[in-house]
Structure formats: C-alpha cells, structure tokens
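So the chains spell out like this:
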Amino acid sequence: DVISQLTGISFAWKNTGQRSAGLTAQDVERVLPEAVSTDASSGLKSVNYGALTAPLVESVKELRDKVEAQAARIKALERQVGERQ
C-alpha cells in the first residue's frame, strides 16, 4: 500500500537545470515519514531513498505471489478447457 501511494516525477534541478527523476519529499513524508529528513536551518526536506528499499522489496514479493497465483489459476483453467475438447 505504501508504494502504490507514491508518484514518481521527473524534474529539473533549480541550480543546474539538469533533468532528474525521483519522488517529492512531501509525498513520501505523507506515507513513510521515517524516509524523510528536514534540514533544521533551511527547512528543506529530502528523501532517504535507502529507507524505501524494504517497502519496495515487500511490494515485489506481493506481486510475485499474485503472479504465481494467477499462473496456477491459468494452468488449472487451461486443463479444464483441454479436458472439454
């Protein structure tokens, strides 16, 4: 659920104009506050991308389980169709 609530963006850095991709800290902070830090002097927020690793791994595992379940279901349905022919 955490990962599905995040939106990837592309942007240009203000100081260099270089294009990049990532997440907005405010978006991440809403669903995973421990992955965001705020600079005490400037108030700027930044994302600790390493803190996203565990939720991403769990999301991949959930997707793998769904794919495996769907593959088993497809195989069973194909067997049923084959038996009827």
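A quick note: this is a predicted structure, and the numbers were derived from the prediction, not measured.

Enquirer: Explain the nonpolar core here, please?
Expert: Nonpolar side chains in soluble globular proteins tend to be buried together. Within the largest apolar cluster, ten residues are counted, these being Leu6, Leu23, Ala25, Val28, Val31, Leu32, Ala35, Val36, Val47 and Leu52. When residues of this core are assigned to their parent elements, the largest contribution, three residues, is made by helix α1 (residues 25-31).

Enquirer: Explain the pairing of strand β2 (residues 19-22) here, please?
Expert: Along any regular strand, the residues point their side chains to alternate faces of the sheet. In this structure, strand β1 (residues 9-12) lies alongside β2, joined through four bridges in antiparallel fashion. From the neighbouring strand, Ile9 faces β2, where its bridge partner is Gly22. Where β1 hands over to β2, the hairpin turn is made up of six residues, of which Gly17 adopts a positive phi near 75°.

Enquirer: Can you walk me through the packing of aromatic side chains in this structure?
Expert: The relative placement of two aromatic rings is captured by the distance of their centres and the angle of their planes. Under the counting rule described, the total for this entry stands at one aromatic pair. Taking 5.1 Å as the distance between ring centres and 75° as the angle between the ring planes, the aromatic pair formed by Phe11 and Trp13 counts as edge-to-face. Judged by relative accessible area, Phe11 falls into the partly exposed class, the value being 22%.

Enquirer: Would you mind showing me how to read the pattern of salt bridges here?
Expert: Any two side chains of opposite charge can pair, given that their charged atoms come close. If you walk through the whole model with that rule in mind, you get five salt bridges. For Lys61, the salt bridge goes to Glu58, with nearest N and O atoms at 3.1 Å. A residue pair is termed a helical-turn pair when its members lie 3 or 4 positions apart in one helix, as Lys61 and Glu58 do in helix α2 (residues 53-84) at three residues. Accessibility expressed as a relative area gives 34% for Lys61, which makes it partly exposed. On the basis of relative accessible area, Glu58 is assigned to the partly exposed category, the value being 40%. A salt bridge links Arg64 to Glu68; the shortest N-O distance between them is 3.9 Å. On the criterion of helical spacing, the pair formed by Arg64 and Glu68 is a turn pair, its members being four residues apart in helix α2. Arg64 gets classed as partly exposed once you look at its relative accessible area, which sits at 43%. Here the salt bridges do not stand alone but share partners, grouping Arg64, Asp65 and Glu68 into one network.

Reading the values: the criteria
Residues numbered from 1 in each chain as written. Predicted model: local features only at pLDDT ≥ 70, side-chain atom pairs only at ≥ 80, totals over all residues. Heavy atoms only, no water. Core = buried A, V, L, I, M, F, W, Y, C linked by side-chain atoms within 4.5 Å. Buried < 20%, exposed > 50% of the residue type's maximum accessible area, 1.4 Å probe, protein only. Helix = DSSP H or I, 4+ residues; strand = E, 2+ residues; numbered from the N terminus. Pairing = 2+ DSSP bridges. Phe/Tyr/Trp six-rings, centres within 6.5 Å; stacked < 30°, edge-to-face > 60°. Salt bridge = Lys/Arg side-chain N within 4 Å of Asp/Glu carboxyl O.

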